[in-house]
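Summary of the model geometry
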Amino acid sequence: CLVIYYQNVKSYSAGMLTALSNRIGDVMLLMSIAWMMNFGSWNFTLYLEYYNLDLNMKLIGFLIIVASMTKSAQIPFSAWLPAAMAAPTPVSALVHSSTLVTAGVYLLMRFHFLIMNYDFFLLFIGLLTMFMSGLGANFEYDLKKIIALSTLSQLGLMFTILSLGSVKLAFFHLLIHALFKALLFMCA
């Protein structure tokens, strides 16, 4: 609703693209939650040593990865992030620094033991997102979209750091990026 603050066709289409892209991640997250009930509990810390042996847990890990890719706007789902810049600037600062895009990276940090089987996939997606967003920012004229593509590049870097196994470094990068990106939006 915040993306469609301005009443025009561009804002409506950007809001629809944002909502539909994020619904894919919501469905994947709900499916992983429902599938985790096969173990009798949502408290995944009780059966950590069982994760690498079970095919169901690998499937749950893949669903969580797809959910975090949609929330953090990684490469197949990255169209909604620059489109969400049709919103007012404070809304853009919230979307890019503290809410939506950080939710996917934080989800991967919480389930980092599940993504060890998919580390090469995450490395490829993160590097591709960094490259494509940097390339797209070279041909953009709107300052808010340039900042959005910069955020997308930083999210690709966070995915790359997570694929290399450094969770604490990715969390530190997430906090510093949230602080400075919000300040950058307020200055822009």
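The structure this text deals with has already been given above.
The structure contained in this document is the topic of the report that follows.

The rules behind the values
Residues numbered from 1 in each chain as written. Predicted model: local features only at pLDDT ≥ 70, side-chain atom pairs only at ≥ 80, totals over all residues. Heavy atoms only, no water. Phe/Tyr/Trp six-rings, centres within 6.5 Å; stacked < 30°, edge-to-face > 60°. Helix = DSSP H or I, 4+ residues; strand = E, 2+ residues; numbered from the N terminus. Buried < 20%, exposed > 50% of the residue type's maximum accessible area, 1.4 Å probe, protein only. Axes fitted to C-alpha atoms, helices over the stretch in contact; angles between N-to-C directions. Parallel < 35°, antiparallel > 145°, perpendicular 65-115°, else oblique. Contact = heavy atoms within 4.5 Å. Nonpolar A, V, L, I, M, F, W, Y, C, P; charged D, E, K, R; others polar. Salt bridge = Lys/Arg side-chain N within 4 Å of Asp/Glu carboxyl O.

1. Overview of the packing of aromatic side chains
Inspection of every chain in the model, using the stated rule, returns 3 aromatic pairs. A ring pair is formed by Y106 and F171, whose centres lie 6.4 Å apart and whose planes are at 50 degrees; its orientation type is tilted. Taken as a pair, Y106 in helix α5 (residues 100-110) and F171 in helix α8 (residues 167-187) lie far apart in primary sequence, 65 residues in all. By relative accessible area, Y106 is classed as partly exposed at 40%. Classification of F171 as partly exposed rests on a relative accessible area of 35%.

2. Topic: the packing of helix α7 (residues 143-163) against α8
Running from N to C, α7 and α8 point in directions that differ by 175 degrees, and their axes come no closer than 9 Å. The pairing of α7 with α8 is recorded here as roughly antiparallel in orientation. Residue-level inspection shows K144, I147, A148, S150, T151, Q154, L157, M158, I161 and L162 of α7 in contact with α8, the latter providing V167, L169, A170, H173, L174, H177, K181, L184 and F185. Split by residue class, the contact of α7 with α8 holds 12 nonpolar, 5 polar and 2 charged.

3. Overview of the pattern of salt bridges
Taken as a whole and assessed by the stated rule, the structure comprises 2 salt bridges. With its nearest N and O atoms 2.3 Å apart, the salt bridge here joins D26 to R23. Here R23 and D26 lie together in helix α1 (residues 9-36), a separation of 3 residues that amounts to about one turn. A relative accessible area of 44% places R23 in the partly exposed class. K71 is the salt-bridge partner of D26, the closest N and O atoms lying 2.7 Å from each other. Of this pair, D26 sits in helix α1 while K71 sits in helix α2 (residues 55-71), and the two are 45 residues apart along the sequence.

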